[in-house]
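# Understanding the architecture of this molecule
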Amino acid sequence: MHEYSIATSLMGHIERQARAHGATRVARVYVRIGELSGVEPDLLQTAYEILREGTLCDGAPLDIARVSVAWQCAGCGRPIAPGETLVCGDCGQPARLVAGDDITLDRLELEVPDV
Ligand SMILES: [Zn+2]
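Residues numbered from 1 in each chain as written. Predicted model: local features only at pLDDT ≥ 70, side-chain atom pairs only at ≥ 80, totals over all residues.

## Things to note about helix 1 (residues 2–20)
A rise of 1.5 Å per residue sets the reference length of helix 1, with its 19 residues, at 27 Å; its end C-alpha atoms lie 28 Å apart and thus fit the reference within 8%. Within the sequence span of helix 1, burial applies to Glu3, Ile6, Ala7, Leu10, Ile14 and Ala18. All buried residues of helix 1 fall inside an arc of 105 degrees around its axis, so they share one side. Of the residues in helix 1, the exposed ones pointing more than 90 degrees away from the buried face are Ser5, Thr8, Ser9, Gly12, Arg16, Arg19 and Ala20. Looking at the buried side of helix 1, the elements it contacts are strand 1 (25–34), helix 2 (41–51) and strand 6 (103–111). (Helix = DSSP H or I, 4+ residues; strand = E, 2+ residues; numbered from the N terminus. Expected span 1.5 Å × (residues − 1). Buried ≥ 20, exposed ≤ 12 C-beta atoms within 10 Å, placed from the backbone. Arc of directions from axis to C-beta. Contact = placed C-beta atoms within 7 Å.)

See the structure below:
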């Protein structure tokens, strides 16, 4: 399952960040999933819930935000609206994808003990 391996690498990122901050527990995880990333949020949620058991994320909800696809001119940076031809009307350069094709760990809510 594709989402299972994504969740595994996500857990790795989370645990490294949590340890780097001296956290004893992760309270909540926020990720952003692009429309074109090929990741099914429901499946990722399920995989995460299986993997988080016994880790710093045990009991921490996964908050998934969908990110729409966005295009921009590679030449002048003009945003290309959805449905528009993927060539810039101003300078004729091809558009490039600037959002919506990946999955990112947005932020973590961590429980850090007072020192
Ligand atoms: Zn342009």
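There is more to say after this.
## Some thoughts on the sheet that holds strand 4 (residues 79–80)
Consider a sheet: its strands pair through backbone hydrogen bonds, and that pairing is either parallel or antiparallel. The 3 strands are arranged 4-3-5 in an open sheet whose pairing can be described as antiparallel. Edge positions in the sheet fall to strand 4 and strand 5 (95–99), since each of these pairs with one other strand and no more. Two elements, strand 3 (residues 70–73) and strand 4, share 2 bridges in a ladder whose sense is antiparallel. Paired with Trp71 across the bridge in strand 4 is Ile80. (Pairing = 2+ DSSP bridges.)

## Looking at the sheet that holds strand 6
Read from one edge to the other, the open sheet built from 3 strands follows the order 2-1-6, with strand pairing classed as mixed. The sheet is open, and its two edges are formed by strand 2 (62–67) and strand 6, each paired on a single side. Neighbour to neighbour, the strand axes of the sheet diverge by 15 degrees on average, direction disregarded. Sitting on the sheet, helix 1 touches strand 1 and strand 6, and the angle it makes with strand 6 is about 40 degrees. Packing against the sheet, helix 2 makes contact with strand 1 and strand 2, and its axis sits at approximately 160 degrees to strand 2. (Axes fitted to C-alpha atoms, helices over the stretch in contact; angles between N-to-C directions.)

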